[in-house]
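These are the residues of each chain, in order.
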Amino acid sequence: MKKIILTLFFATVVFSQEYTKQDRINDMQTMAQAMANIETGFLYNNSDLVEAGVIKLSDAIKRVEPPLEEREEKDPMTRYMNQKVQFTNKINKKINKKARLILERFNDNDISQAVQAYTKIIKACVNCHTQVRHW
């Protein structure tokens, strides 16, 4: 019985690594590189680059969340007013939707609509940085 409890405890500790600020920095760098790939794909009319960028962006945005210290803000009023978790989830959904739209429009040769979706992703990024990171 003790072995089972110890095994469960160690498995919980090992597999429950929290999302840290460094993880967020790495994901932001990945997303910046993905956006650069999408833009390069637009400029060279290369659907492979656009698709790779969209996939990379979608994978990275799924991981982004406020770090533990921001999610567990000590002051309840600050935590309520910031609503970082809800805001992050909303931005994540918006970016995922627009990323899929980029791929659809680019594959349909509607480049202007694909670029417009790209611009809306940039706006969502700036909005998040303004709200969450206090630019």
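What comes next concerns the included structure. (Residues numbered from 1 in each chain as written. Predicted model: local features only at pLDDT ≥ 70, side-chain atom pairs only at ≥ 80, totals over all residues. Heavy atoms only, no water.)

**A few points about a positive patch on the surface**
For step 1, the next point in the chain: Taken together, Lys97, Arg100, Lys120 and Lys123 make up a surface patch of like positive charges.
For step 2, the next point in the chain: Put simply, the parts of the chain that give the positive patch at least two residues each are helix H6 (84-107) and helix H7 (111-131). (Patch = residues over 30% accessible without salt bridge, like charges linked within 9 Å, V, L, I, M, F, W, Y side chains within 5 Å. Areas by Shrake-Rupley, 256 points an atom, 1.4 Å probe, with all protein chains shown as cover. Salt bridge = Lys/Arg side-chain N within 4 Å of Asp/Glu carboxyl O. Lys, Arg positive; Asp, Glu negative; His and termini not counted. Charge placed at Lys NZ, Arg CZ, Asp CG, Glu CD. Helix = DSSP H or I, 4+ residues; strand = E, 2+ residues; numbered from the N terminus.)

**Focus on H7**
For step 1, the next point in the chain: Here H7 contains 21 residues, and its C-alpha end-to-end distance of 30 Å stays within 8% of the 30 Å for a straight helix at 1.5 Å per residue.
For step 2, the next point in the chain: What H7 keeps buried is the set Ala114, Ala117, Tyr118, Ile121, Ala124, Cys128 and His129. The buried residues of H7 all sit within an arc of 135° when viewed along its axis, so they share a single face. Along H7, exposed side chains directed more than 90 degrees from the buried face belong to Ser112 and Lys123.
For step 3, the next point in the chain: Against the buried residues of H7 lie helix H2 (21-44), helix H3 (47-63) and H6. (Expected span 1.5 Å × (residues − 1). Buried < 20%, exposed > 50% of the residue type's maximum accessible area, 1.4 Å probe, protein only. Arc of directions from axis to C-beta. Contact = heavy atoms within 4.5 Å.)

**Focus on the packing of H3 against H6**
For step 1, the next point in the chain: The contact between H3 and H6 brings their axes to 10 Å, and the two run at 165°. The angle between H3 and H6 falls in the class roughly antiparallel. In this structure, H3 crosses over H6, and the sense of that crossing is left-handed. Contact with H3, carried on its side by Ser47, Val50, Glu51, Val54, Leu57, Ser58, Ile61 and Lys62, involves Asn92, Ile95, Asn96, Ala99, Ile102, Leu103, Phe106 and Asn107 of H6 and no other residues of that element.
For step 2, the next point in the chain: Considering only residue class, the contact of H3 with H6 consists of nine nonpolar, five polar and two charged. (Axes fitted to C-alpha atoms, helices over the stretch in contact; angles between N-to-C directions. Parallel < 35°, antiparallel > 145°, perpendicular 65-115°, else oblique. Left-handed = near helix turned anticlockwise from the far one by under 90°. Nonpolar A, V, L, I, M, F, W, Y, C, P; charged D, E, K, R; others polar.)

**A word on the nonpolar core**
For step 1, the next point in the chain: Core analysis: the biggest nonpolar cluster contains 25 residues, and Ile38, Phe42, Leu57, Ile95, Ile102 and Ile121 have the highest contact counts within it.
For step 2, the next point in the chain: At the level of elements, H2, H3, H6 and H7 are the ones that each hand at least two residues to this core.
For step 3, the next point in the chain: The residues touching Ile38, leaving out its near neighbours within four places in the chain, are Leu49, Val50, Gly53, Val54, Leu57, Ile102 and Tyr118. (Core = buried A, V, L, I, M, F, W, Y, C linked by side-chain atoms within 4.5 Å.)

**Observations concerning the packing of aromatic side chains**
For step 1, the next point in the chain: Overall, the coordinates contain two aromatic pairs when judged by the stated rule.
For step 2, the next point in the chain: Consider the rings of Phe42 and Phe106, whose centres lie 5.7 Å apart with planes at 35°: the pair is tilted. Here Phe42, found in helix H2, pairs with Phe106, found in helix H6; they are 64 residues apart in sequence, far enough to count as distant.
For step 3, the next point in the chain: Using a relative accessible area of 4% as the deciding quantity, one classes Phe106 as buried.
For step 4, the next point in the chain: Judged by centre distance (5.7 Å) and plane angle (80°), the ring pair of Phe42 and Tyr118 falls under edge-to-face. Of this pair, Phe42 sits in helix H2 while Tyr118 sits in helix H7, and the two are 76 residues apart along the sequence. Both residues of the pair, Phe42 and Tyr118, count as buried. (Phe/Tyr/Trp six-rings, centres within 6.5 Å; stacked < 30°, edge-to-face > 60°.)

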